[in-house]
Amino acid sequence: MPKMKTHRGAKKRIKVTGTGKFIVKKPGKSHILTKKTRKRKNRLKKDTVITSTLEKHLKGLLPYGVGR
């Protein structure tokens, strides 16, 4: 059976921790920032861990734990 291919878009956007959790940037920090409060923009700076419901899907996109 051939090797699975890594999804190139997911590889660029998602990091995998040593324990196998997926870390991504929060959406909504690129434009239309004038109406967002400073508190909200500061919260958007931080990375977030993907929920367990999406983990199974992401393991298919990143079969070899790319980014470790």
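Here the structure is shown first, and the text comes after it.
Quantities reported herein were computed from a predicted structural model and do not represent experimental measurements.

What counts and how
- Residues numbered from 1 in each chain as written.
- Predicted model: local features only at pLDDT ≥ 70, side-chain atom pairs only at ≥ 80, totals over all residues.
- Heavy atoms only, no water.
- Helix = DSSP H or I, 4+ residues; strand = E, 2+ residues; numbered from the N terminus.
- Rg over C-alpha atoms; globule rule 2.2 N^0.38 Å.
- Buried < 20%, exposed > 50% of the residue type's maximum accessible area, 1.4 Å probe, protein only.
- Contact = heavy atoms within 4.5 Å.
- Areas by Shrake-Rupley, 256 points an atom, 1.4 Å probe, with all protein chains shown as cover.
- Pairing = 2+ DSSP bridges.
- Core = buried A, V, L, I, M, F, W, Y, C linked by side-chain atoms within 4.5 Å.
- Salt bridge = Lys/Arg side-chain N within 4 Å of Asp/Glu carboxyl O.

S.K.: How should the overall build of the chain be read in this particular structure?
M.R.: Each helix and strand counted, the chain has 3 helices and 3 strands in total. Reading the chain from its N end, one meets helices and strands in the order α-β-β-α-β-α. Scaling as 2.2 N^0.38, a compact globule of 68 residues should have a C-alpha radius of gyration of about 11 Å, whereas the chain reaches 15 Å, well beyond that. Considering only C-alpha atoms, the chain reaches an extent of 50 × 20 × 20 Å along its principal axes. Burial analysis of the chain (68 residues in total) assigns 22% to the buried set. Pairs at least 24 residues apart make up 61% of the contacts formed inside the chain by residues separated by at least 6 positions. Surface exposure of the chain reaches about 5,900 Å², of which carbon and sulfur atoms provide 57%.

S.K.: Could you clarify how one ought to interpret the sheet that holds strand β3 (residues 47–49) in this entry?
M.R.: What links the strands of a sheet is backbone hydrogen bonding, and the strands pair in either a parallel or an antiparallel sense. Spatial ordering of the open sheet is given by β1-β2-β3, a layout of 3 strands whose pairing is antiparallel. The sheet is open, and its two edges are formed by β1 (15–16) and β3, each paired on a single side.

S.K.: Got a minute to help me understand the nonpolar core in this structure?
M.R.: A general trend in soluble globular proteins is that nonpolar side chains are found buried together. Core analysis: the biggest nonpolar cluster contains 9 residues, these being A10, I14, V16, F22, V24, I50, L58, L62 and V66. When neighbours within four sequence positions are excluded, V24 is seen to be in contact with R13, I14, D47, T48 and I50.

S.K.: Explain the pattern of salt bridges here, please?
M.R.: Side-chain pairing between opposite charges can occur once the charged atoms of the two side chains come close. Overall, the coordinates contain 2 salt bridges when judged by the stated rule. The shortest N-O distance in the salt bridge between K25 and D47 comes to 3.3 Å. Linking K25 in strand β2 (residues 22–25) with D47 in strand β3, this pair joins segments that are 22 residues apart in sequence. According to the relative accessible area criterion, K25 is exposed, its value standing at 59%.

S.K.: Which parts of the structure should I look at to understand the pairing of β2?
M.R.: Looking along a regular strand, one sees side chains alternate from face to face of the sheet. Burial along β2 is one-sided: the face carrying F22 and V24 is buried and the face carrying I23 and K25 is not. As defined by bridge partners, β1 adjoins β2 across 2 bridges and the pair is classed as antiparallel. Directly across from K15, in β2, lies its bridge partner I23.

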